[in-house]
Amino acid sequence: MDADAADAAHEMPRIVGDALTASAAEAGSAWRFEPAERGLDANVIVLPAGDEIRTHTGPELDVVIVVLAGSGTLETETDAIALEPGGIVWLPPRSQRRFIAGEKGLRYFSVHQRKPGLSIRSRVG
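Each chain has its residues counted from 1, following the order in which its sequence is written. Only residues with pLDDT of at least 70 get local features here, since the model is predicted, and only at 80 or more are side-chain atom pairs given and counted; chain-wide, interface and lining totals rely on the full set of residues. Water and hydrogen atoms play no part in the side-chain values, which are based on all heavy atoms of the structure.

Colleague: Looking at this structure, how should I read the confidence of the model for the protein chain?
Modeller: For any part of a model where pLDDT is low, the fine detail of the predicted coordinates should not be relied upon. Values of pLDDT, which run from 0 to 100, indicate the predictor's confidence residue by residue. In the predicted model, the protein chain carries a mean pLDDT of 82, and 77% of its residues have values of at least 70. Helix and strand assignments come from DSSP, with helices taken as H or I runs of at least 4 residues and strands as E runs of at least 2, each series counted from the N terminus. For the protein chain, helix α1 (residues 3-8) is the element with the lowest average pLDDT, namely 52, and strand β5 (residues 80-83) is the one with the highest, namely 98.

Colleague: How do you make sense of the environment of S29 when you look at a structure like this?
Modeller: Relative to the helices and strands, S29 is located in strand β1 (residues 28-32). Classification of residues uses two cut-offs on accessible area relative to the type maximum, computed with a 1.4 Å probe and protein chains only: under 20% is buried, over 50% is exposed, and between them is partly exposed. What makes S29 partly exposed here is its relative accessible area of 26%. On a C-alpha basis, the gap between S29 and L47 in space is 9.0 Å, while along the polypeptide they are 18 residues apart. When near neighbours in sequence (up to four residues on either side) are disregarded, S29 contacts N43, V44 and I45. Residue contacts follow a heavy-atom distance rule, with two residues in contact if any of their heavy atoms lie within 4.5 Å.

Colleague: Would you mind going over the nonpolar core with me for this structure?
Modeller: The tendency in soluble globular proteins is for nonpolar side chains to be buried as a group. Grouping buried Ala, Val, Leu, Ile, Met, Phe, Trp, Tyr and Cys residues that are joined through side-chain atoms within 4.5 Å yields what is termed a nonpolar core. In this structure, I65, L83, L91, F99 and L106 are the most contacted members of the largest nonpolar core, which totals 13 residues. If you list the elements that add at least two residues to this core, you get β2 (40-47), β4 (63-75), β6 (88-91) and β7 (96-113). When sequence neighbours within four positions are dropped, the list of residues in contact with F99 reads L47, D51, E52, I53, I65, T73, L74, L83, L91, L106 and Y108.

Structure follows, in structure tokens:
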């Protein structure tokens, strides 16, 4: 197989977004990792001042967040963790969490293994 054919057979590294400028004015997911064939999901999440992501139990996946801007608090089952720019936080699978944005809002990058899609299966027996 020649070099051109080998390159066409797989994805090549490339810039896929800018976490610092992605839809800064919007609340929620301001950017998503979108290639169809991927092993990771990634998002830039924006919470306006005082907004929150209510208490919930996370997925069956490890999640890592990197605080990009603003500040806030991550409440867990036993603790409150201050979130500041540059902070890298690991959220273990099925851990309880609540994000609360500070007075300047909160913007963070989240990455985890891709969640399996929903599928319909027939019931056997």
